[in-house]
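In case you want the letters, here they are:
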Amino acid sequence: MFEKLQKKWKVNGWQLLAILCTFAIGGSLTGIVGRKILQQLPEVHPVGWTILYIITMTLIWPLMVVLVSIPFGQYPFFKNYLSRIFQKMTNTPSSIPPSSNPPSSIPPFSIAIFASGTGSNAQKIIEHFRNHPSIRVALVVSNKATAGVLDKAASAGIPTLLIDKERFFRGDGFVPELTTLGIDFIVLAGFLWKVPPTLIQAYPSRMINIHPALLPKYGGKGMYGNFVHEAVIAAGEKESGITIHYVDEQYDHGGTIFQASCPVFPEDTPETLANRIHTLEHQHFPAVIESVILSKLVKNQSS
Ligand code: GAR
């Protein structure tokens, strides 16, 4: 039964537990709060009281469940769940255009996020796809045991993989693990190792990276994080931005998918510029990943 629910709601075991707890606590709170409200009402005929009881509980339940879902980190799930119920009740069509949805018989498209740092981008991507009908974040990979991204993945209930240099560069590139887990697509979100040819060949046109500058400027070996922003400021640039691109065998080099820019002010420090760039990344990266994957799914469907 639990497996069926996991498949139906497209969630992992931890999420399912959090969802079931939310239902249980939300339901109990509905009973308690509902009774308290009804006690305040004047005495009415038993039939009238039953009708009032049903109306009160029906109105309070969604509110209680949504409130409880917040500490359990399941707000996005319940928001979708309740809006689906509402749509069914009112017969409103879903706002997602049918052409962007792959057939439900296709299993969810699985992403692995590779990251070496705090993982603020990874967090946004995880949140974006949490209740997505056809795409899920199935794995977070890091080369650093202390990387904040690993904690973020663990608290979202996403499996993690810590990789070592020797096997990554001179061995099989961890392709067997990725294949076994059914990973379809790789997203580099602040991953600081160069990707070896073995892995690139295993994921042709299915690996993308985000770079915190307007490539081809300020890319290449050693150009990551604040080093990029320092170079941009030192060169007196008036504009910087982000580039999302396919990964090939050279640093920051594959075909550009998307760019967005922001101003660089004379008083900027690498940190203030980094904040502005992070805002741009969080705003665009998850949506760009989604549109790249959906266009691949649509292409697969029609071929
Ligand atoms: C991001 O700004 C990303 O563009 C950059 O690392 C940061 C990771 O931040 N990537 C590179 O510099 C790759 N050359 P995050 O850990 O908070 O997502």
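Residues numbered from 1 in each chain as written. Predicted model: local features only at pLDDT ≥ 70, side-chain atom pairs only at ≥ 80, totals over all residues. Heavy atoms only, no water.

(A) Region of the structure containing unusual backbone geometry. With an omega of 10°, the peptide bond between leucine 215 and proline 216 qualifies as cis. Of note, proline 216 is situated in the loop between strand 5 (207–211) and helix 10 (225–234). Phi is positive for phenylalanine 174, which is not a glycine, with a value near 65°. Along the polypeptide, phenylalanine 174 turns up in the loop between helix 7 (165–170) and helix 8 (175–180). (Helix = DSSP H or I, 4+ residues; strand = E, 2+ residues; numbered from the N terminus.)

(B) Expanded view of the site of the ligand. Close to the ligand lie 14 residues, the nearest being Gly119, Ser120, Asn121, Gly225 and Glu281. Contact with the protein chains covers 91% of the free accessible surface of the ligand, which is 450 Å². Secondary structure elements with two or more residues in the shell around the ligand: helix 5 (120–129), strand 5 and helix 11 (270–302). (Near = heavy atom within 4 Å. Areas by Shrake-Rupley, 256 points an atom, 1.4 Å probe, with all protein chains shown as cover.)

(C) Representation of the pattern of salt bridges. One pass over the structure, following the stated rule, counts 5 salt bridges. Of the charged contacts in the structure, one is a salt bridge between arginine 170 and glutamate 166, with a shortest N-O distance of 3.2 Å. Separated by 4 residues within a single helix, arginine 170 and glutamate 166 lie in helix 7, roughly one turn from each other. A salt bridge links arginine 276 to aspartate 268, with the nearest nitrogen and oxygen atoms 2.8 Å apart. Classification of arginine 276 as partly exposed rests on a relative accessible area of 22%. Taken together, the salt bridges that share partners define one network made up of Arg167, Asp172 and Glu177. (Salt bridge = Lys/Arg side-chain N within 4 Å of Asp/Glu carboxyl O. Buried < 20%, exposed > 50% of the residue type's maximum accessible area, 1.4 Å probe, protein only.)

(D) Molecular detail of the environment of tryptophan 193. Take tryptophan 193: it is sitting in the loop between strand 4 (185–188) and helix 9 (197–202). Tryptophan 193 gets classed as buried once you look at its relative accessible area, which sits at 16%. Tryptophan 193 has contacts with Asn143, Ile163, Asp164, Lys165, Phe168 and Phe169, leaving out every residue within four places of it along the chain. (Contact = heavy atoms within 4.5 Å.)

(E) Spatial organisation of the sheet that holds strand 6 (residues 239–246). Here we have 7 strands laid out as an open sheet, ordered 3-2-1-4-5-6-7, and mixed in their pairing. Edge strands, defined here as strands with exactly one partner in the open sheet, are strand 3 (160–162) and strand 7 (256–263). Strand after strand, the sheet turns through a mean of 20° between neighbouring axes, direction not considered. As paired strands, strand 1 (residues 109–114) and strand 4 are joined by 4 bridges and run parallel to one another. The partner of alanine 112 across the bridge, within strand 4, is isoleucine 186. Contacting strand 2 (135–142) and strand 3, helix 6 (residues 148–155) runs over the sheet at an angle of about 145° to strand 2. (Pairing = 2+ DSSP bridges. Axes fitted to C-alpha atoms, helices over the stretch in contact; angles between N-to-C directions.)

(F) Up close: the environment of valine 195. The residue valine 195 is located in the loop between strand 4 and helix 9 in this model. A relative accessible area of 7% means that valine 195 is categorised as buried. Sequence separation between valine 195 and glutamine 250 is 55 residues; the distance between their C-alpha atoms is 8.6 Å. Ignoring any residue separated from it by four or fewer positions in sequence, one finds valine 195 in contact with Leu188, Ile200, Met207 and Val247.

(G) Just the pairing of strand 4, in detail. On strand 4, burial covers both faces: Phe185 and Val187 on one face and Ile186 and Leu188 on the other are all buried. With 3 bridges joining them, strand 4 and strand 5 adopt parallel strand pairing. Along strand 5, the bridge assignment pairs leucine 188 with asparagine 209. For the crossover from strand 4 across helix 9 to strand 5, the handedness is right-handed. (Right-handed = clockwise from strand over helix to strand, strands pointing away.)

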